[in-house]
Amino acid sequence: MTKQKSFKGRVRARMDKTSERYSTARRQLLARAGAEPEAPPERATPEQATPPEAATPPVDAPGARRPYSDEVIRANTGRTWDDWFALLDAWGAAERPHPEIARWVAGEHGVGGWWAQGVTVAYEQARGLRAPGQRRGGLFEVNASKTVAVPVDRLYQAFADPALRERWLPGATVEVRTAQAARSIRANWDDGSTRLVVAFTARGESRSQVALVHERVPDAATADQLKRFWRERMAALKQVLEA
């Protein structure tokens with residue numbers, strides 16, 4: 001048992017130094033040692049992986065906004081915002097680049113790419129690493145979501161079917177680039193200078209959720225306009241589908 005704990009400690013130390021995943025760091029150490037440890041390492045459960053709360057946890061940066069409720073983020077990632085932020089603080093995410101954080105959230109904690117990006121962006125905003133709605137490259141993005149009382153296939157079609165889309169998003173130029181039925185759509189918006197990334201999640205047989213990100217928005221003023229626009233359009237979407 002002591003030998004196993006010592007080996008795990010060496011793996012964790014290598015992870016901290018190289019930012020490798022547990023499996024990669026373990027494999028590299030085993031290759032050096034030429035031997036297996038006494039027992040295979042166990043993957044930490046979400047409860048074990050979550051660090052204890054600090055006595056005075058950091059306060060979100062002024063203007064920072066959490067794009068989804070605790071209920072939504074827990075349902076899709078297994079943790080609340082405060083849980084994620086404490087975990088990321090303990091890992092030292094504030095000193096790491098955006099892609100590395102997103103990969104760690106996805107790879108080490110089993111979070112899908114869409115939600116891994118959402119957790120990463122919200123954390124960066126909360127810690128003042130970027131302005132609300134702004135990517136670390138300088139451009140902005142806008143988030144919008146809505147839960148609708150229809151099956152996920154129907155909600156997906158409201159975006160994928162041009163005729164149905166016209167009923168709640170009239171006059172919009174949407175060029176679908178890639179799509180996975182009832183799961184996601186990526187599309188160019190208007191003149192193609194900005195993009196839409198849309199994810200669909202079933203919430204039962206007759207209830208589903210859409211989460212939209214409008215990417216590559218050039219400035220904060222345009223982002224504010226788009227926030228109002230998508231808030232109105234999501235309300236129209238719900239009204240059309242539930243009528």
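These remarks concern the structure in this document. (Residues numbered from 1 in each chain as written. Predicted model: local features only at pLDDT ≥ 70, side-chain atom pairs only at ≥ 80, totals over all residues. Heavy atoms only, no water.)

### Focus: the overall build of the protein chain
A tally of helices and strands in the protein chain yields 10 helices and five strands. Burial status across the protein chain gives 41% buried among its 243 residues. Relative to all contacts within the protein chain whose residues are 6 or more apart in sequence, the contacts with residues 24 or more apart total 55%. With an accessible surface of roughly 13300 Å², the protein chain has 49% of that area assigned to carbon and sulfur atoms. (Helix = DSSP H or I, 4+ residues; strand = E, 2+ residues; numbered from the N terminus. Buried < 20%, exposed > 50% of the residue type's maximum accessible area, 1.4 Å probe, protein only. Contact = heavy atoms within 4.5 Å. Areas by Shrake-Rupley, 256 points an atom, 1.4 Å probe, with all protein chains shown as cover.)

### Description of the pattern of salt bridges
If the charged atoms of two oppositely charged side chains come close together, the side chains can form a pair. Here the structure, examined in full by the defined rule, presents five salt bridges. For aspartate 89, the salt bridge identified is with arginine 127, shortest N-O distance 2.8 Å. You can see aspartate 89 sitting in helix α5 (residues 81-91) and its partner arginine 127 sitting in the loop between α7 (113-126) and β1 (140-148), a full 38 residues away along the chain. Residue class for aspartate 89 comes out partly exposed when judged on its relative accessible area of 28%. For arginine 127, a relative accessible area of 19% puts it in the buried group. (Salt bridge = Lys/Arg side-chain N within 4 Å of Asp/Glu carboxyl O.)

### Here's the deal with the side chain of glutamine 209
Mapped onto the elements of the fold, glutamine 209 is located in strand β5 (residues 208-217). A polar atom in the side chain of glutamine 209 sits 3.1 Å from the side chain of arginine 203. Those residues in contact with glutamine 209 that sit more than four places away from it in its chain are Val72, Asn76, Trp115, Lys146, Thr147, Leu155, Ala199, Phe200, Thr201 and Arg203. (Polar contact = N/O pair within 3.5 Å; in protein donor to acceptor, adjacent residues only side chain to side chain.)

### What about the packing of aromatic side chains?
If you walk through the whole model with that rule in mind, you get 11 aromatic pairs. Judged by centre distance (5.1 Å) and plane angle (65 degrees), the rings of tyrosine 68 and tryptophan 115 are edge-to-face. Note that tyrosine 68 is positioned in the loop between α3 (46-49) and α4 (70-77) and tryptophan 115 in helix α7, a separation of 47 residues in sequence. A ring pair is formed by tryptophan 114 and tryptophan 115, whose centres lie 6.5 Å apart and whose planes are at 75 degrees; its orientation type is edge-to-face. What makes tryptophan 115 buried here is its relative accessible area of 8%. An aromatic cluster is present here, built from Tyr156, Phe159, Trp168 and Phe200 joined pairwise through their rings. Of note, arginine 79 hangs over the ring of tryptophan 84, and the distance from its end group to the ring centre comes to 4.9 Å. Taking NZ or CZ as reference, arginine 96 lies 3.9 Å from the ring centre of tryptophan 91, over its face. (Phe/Tyr/Trp six-rings, centres within 6.5 Å; stacked < 30°, edge-to-face > 60°. Lys NZ or Arg CZ within 6 Å of the ring centre and 35° of its normal.)

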